[in-house]
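One letter stands for each residue in the lines below.
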Amino acid sequence: MERISVERGAALLLERVKPLARWEKISPAQAPGRVLWESVTAKLDTPPFDRSPLDGYALRSVDAVGAEPEKPARLVLGEAVGPGTAVPVSTGSPIPAGADCVVKVEDTRRDGDAVLVCIAPAHWENYVFRGEDMPVGRTIFPVGTRMDWTHVAALAAQGVTALAAAARPKVGVLPTGGELVPAGAPLPSSGIYDANGPMLCARLQALGMEPVAFPPVGDDAELLAGRVRAALAKCDFLLTTGGVSVGAEDAMPRAAELLGAEVLFHGLAVRPGSPAMAFLAEGKPVLALSGNPFASLAVFEAVGRPALEKLAGMEGALPGRMTLPLAEGLPASQVRRFIRAVRTPEGRVCPAAGGHSSGMVWSLAGCDCLIDRSPGPALEPGSPVPLLIL
Ligand SMILES: Nc1nc2c(c(=O)[nH]1)N[C@H]1C(S)=C(S)[C@@H](COP(=O)(O)OP(=O)(O)OC[C@H]3O[C@@H](n4cnc5c(N)ncnc54)[C@H](O)[C@@H]3O)O[C@H]1N2
Ligand code: MOO
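The shown structure was predicted, so the numbers you read here are calculated from the model rather than taken from an experiment. (Residues numbered from 1 in each chain as written. Chains lettered and ligands numbered in written order. Predicted model: local features only at pLDDT ≥ 70, side-chain atom pairs only at ≥ 80, totals over all residues. Heavy atoms only, no water.)

A.B. asks: So, helix 1 (residues 6-14): which residues are in play, and what are the values?
C.D. replies: Residues three or four positions apart in an α-helix share a direction because the helix packs 3.6 residues into each turn. What helix 1 keeps buried is the set V6, G9, A10, L12 and L13. The arc that holds the buried residues of helix 1, viewed along the axis, is 160°, so those residues lie on one side. Against the buried residues of helix 1 lie strand 15 (237-241), strand 16 (262-266), strand 17 (277-281), strand 18 (284-289), helix 6 (293-311) and strand 20 (337-343). (Buried < 20%, exposed > 50% of the residue type's maximum accessible area, 1.4 Å probe, protein only. Helix = DSSP H or I, 4+ residues; strand = E, 2+ residues; numbered from the N terminus. Arc of directions from axis to C-beta. Contact = heavy atoms within 4.5 Å.)

Quick look at the structure:
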């Protein structure tokens, strides 16, 4: 089994995935996690009128040239701004025609029906122009934008009630392994509850995809081939876990053969997750992850996620990457490793507490990144390491 780099594996899968050609109307409230099928263009100027950013007086700056606390400019209060006349305004209210500035209330004193302006305002000072935020016709969010809650205010301010979002990819999740038991069933001796299925479904949900959970299937290649085929009929992309290694019971490579699949790769040069494979069956992509839950998570993030984001209409989107110094040292490694980790408030990265060996899941909880550790000698605390952000 030839092991290829994670990047090569991701590229091989990515090039065989096409964005879905389905879309649907959603409301702004449903926007978080969704991808725009069409650009959103401003239909109205926002703000819709010139407005004051503070409580004070709108006036013509030429009427307060040279004003100082000891030598204030006196302007009569009126309903309209004109030579020598100011109009009281409050934060967010329209600035009356004719004014070219607003003086904040703290920089003024009242004098009967007049206001004493104690500073000389500049032309257009404290003046928010109509359309300054989003002018009519501007593309506010281009096609392919993956929206989150931070996009909602702009949509709402534009009065948007419906927008066209790419359909959420239906991603099947099929855990394999004779030892697996779904939640709620009694646990036989040498059985374990399926952790990968629920974990990957939760991850897909968080990424704005539509998970389709299939019950765990045993290690029989023929049975597995049938279940993969049936699952592919109900989804756009299938994730499986388990059964990809070299053990006699590892049924996935044989199932792929039975399906007449085109294998894209089998074996990645990374730990954990090295036995992962990807193939096309029934014209759809399958990413077969190893059974070890952390291995399945890491390879899903590095290889599966870019392909799924392309399927979802986010062409070229890659998982976020950054580099941070290690909070503690790492031992030497002869192979490339993904290490579950947490970013600290001090701007460092710390391997997760708890066990890291095959099958362990507790230490995954609360992780927010993976350390992408290249092969090499031990690393001192403070050494910069690349991260893949979850
Ligand atoms: N002789 C060799 N043996 C193994 C090799 C190897 O190169 N030579 N590779 C090892 C590696 S690395 C991994 S990873 C596993 C991959 O095999 P599978 O994909 O078939 O994974 P399993 O053996 O089924 O599971 C590994 C581990 O994770 C537990 N597991 C599996 N599925 C789930 C699930 N859905 N929820 C929770 N836990 C799960 C499973 O019980 C095992 O403990 O092969 C190694 N062997
Ligand atoms: O590489 Mo395995 O996927 O150690 O867990």
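Still to come is the rest of the account.
A.B. asks: Explain the site of ligand 1 to me, and be specific about the residues and the numbers.
C.D. replies: Contacts to ligand 1 come from 19 residues, most closely from E179, D194, A195, G243 and D250. Within the side chain of S245, one N or O atom sits 3.3 Å away from a nitrogen atom of ligand 1. Between an oxygen atom of ligand 1 and a main-chain N or O atom of N292, the distance comes to 3.3 Å. Looking at the shell around ligand 1 residue by residue, the class counts come to eight nonpolar, eight polar and three charged. (Near = heavy atom within 4 Å. Polar contact = N/O pair within 3.5 Å; in protein donor to acceptor, adjacent residues only side chain to side chain. Nonpolar A, V, L, I, M, F, W, Y, C, P; charged D, E, K, R; others polar.)

A.B. asks: Just give me the short version of the sheet that holds strand 21 (residues 349-351), but keep the residues and values in it.
C.D. replies: If you trace the five strands from one edge of the open sheet to the other, you get 19-23-22-20-21, paired in antiparallel fashion. Of all strands in the sheet, those bounded by a partner on one side alone are strand 19 (321-325) and strand 21. Each strand axis lies, on average, 45° off the axis of its neighbour in the sheet, ignoring direction. Both strand 19 and strand 23 (residues 384-389) contribute to a ladder of five bridges, which runs antiparallel. Bridge pairing links L324 to V385 in strand 23. Strand contacts of helix 6: strand 20, strand 22 (369-373) and strand 23, with the helix running at about 95° to strand 20, the strand carrying the most contacts. (Pairing = 2+ DSSP bridges. Axes fitted to C-alpha atoms, helices over the stretch in contact; angles between N-to-C directions.)

A.B. asks: Outline the site of ligand 2, supporting the account with residue identities and numerical values.
C.D. replies: Within the structure, ligand 2 sits among R271, P272, G273, S274, P275, S290, N292 and A295. Take S274: an N or O atom from its main chain is 3.4 Å from an oxygen atom of ligand 2. Between S290 and ligand 2, the recorded distance is 3.0 Å, taken from a side-chain N or O atom to an oxygen atom. Residues that form the shell around ligand 2 fall into these classes: three nonpolar, four polar and one charged.

A.B. asks: Describe the packing of aromatic side chains, naming the residues involved and giving the relevant values.
C.D. replies: Summed over the entire model, instances satisfying the criterion amount to three aromatic pairs. Taking 4.8 Å as the distance between ring centres and 70° as the angle between the ring planes, the aromatic pair formed by W124 and Y127 counts as edge-to-face. A relative accessible area of 39% means that W124 is categorised as partly exposed. Taking relative accessible area as the criterion, Y127 reaches 11% and is therefore assigned buried. Consider the rings of Y127 and F129, whose centres lie 4.8 Å apart with planes at 45°: the pair is tilted. By relative accessible area, which is 32% here, F129 ends up partly exposed. What links up through ring pairs into an aromatic cluster is the set W124, Y127 and F129. Positioned above the aromatic ring of F294 is the side chain of R340, whose terminal nitrogen or guanidinium carbon lies 4.3 Å from the ring centre. (Phe/Tyr/Trp six-rings, centres within 6.5 Å; stacked < 30°, edge-to-face > 60°. Lys NZ or Arg CZ within 6 Å of the ring centre and 35° of its normal.)

A.B. asks: Lay out the pairing of strand 4 (residues 73-77) in plain terms, naming residues and giving numbers.
C.D. replies: Pairing of strand 4 with strand 8 (residues 114-117), which is carried by four bridges, proceeds in the antiparallel orientation. Bridged to V76 within strand 8 is A114. Sheet analysis places strand 4 next to strand 5 (residues 85-89), joined by two bridges and oriented parallel. If you follow L77 over to strand 5, its bridge partner there is A86.

A.B. asks: Can you break down unusual backbone geometry residue by residue, with the values?
C.D. replies: With an omega of -5°, the peptide bond between T46 and P47 qualifies as cis. Within the secondary structure, P47 is located in the loop between strand 2 (40-41) and strand 3 (56-59). Of note, the bond from R271 into P272 is cis; its omega dihedral lies within 30 degrees of zero at -10°. Checked against the element boundaries, P272 lands in the loop between strand 16 and strand 17. In this structure, W124 takes a positive phi of about 65° despite not being glycine.

A.B. asks: Explain the environment of C350 to me, using residue names and the numbers behind them.
C.D. replies: Along the polypeptide, C350 turns up in strand 21. The contacts of C350, once residues within four sequence positions are left out, are A327, E328, A341, V342 and T344.

A.B. asks: How would you sum up the sheet that holds strand 5? Please name residues and give values.
C.D. replies: What the six strands build is an open sheet, ordered 6-3-5-4-8-7; its pairing is mixed. Each having just a single partner strand, strand 6 (101-104) and strand 7 (108-111) make up the two edges of the open sheet. Taken pair by pair, the neighbouring strands of this sheet meet at an average axis angle of 40°, ignoring direction. As judged from the four bridges shared by strand 3 and strand 6, these two strands associate in the antiparallel manner. Residue pairing across strands places Y57 opposite V103, the latter belonging to strand 6.

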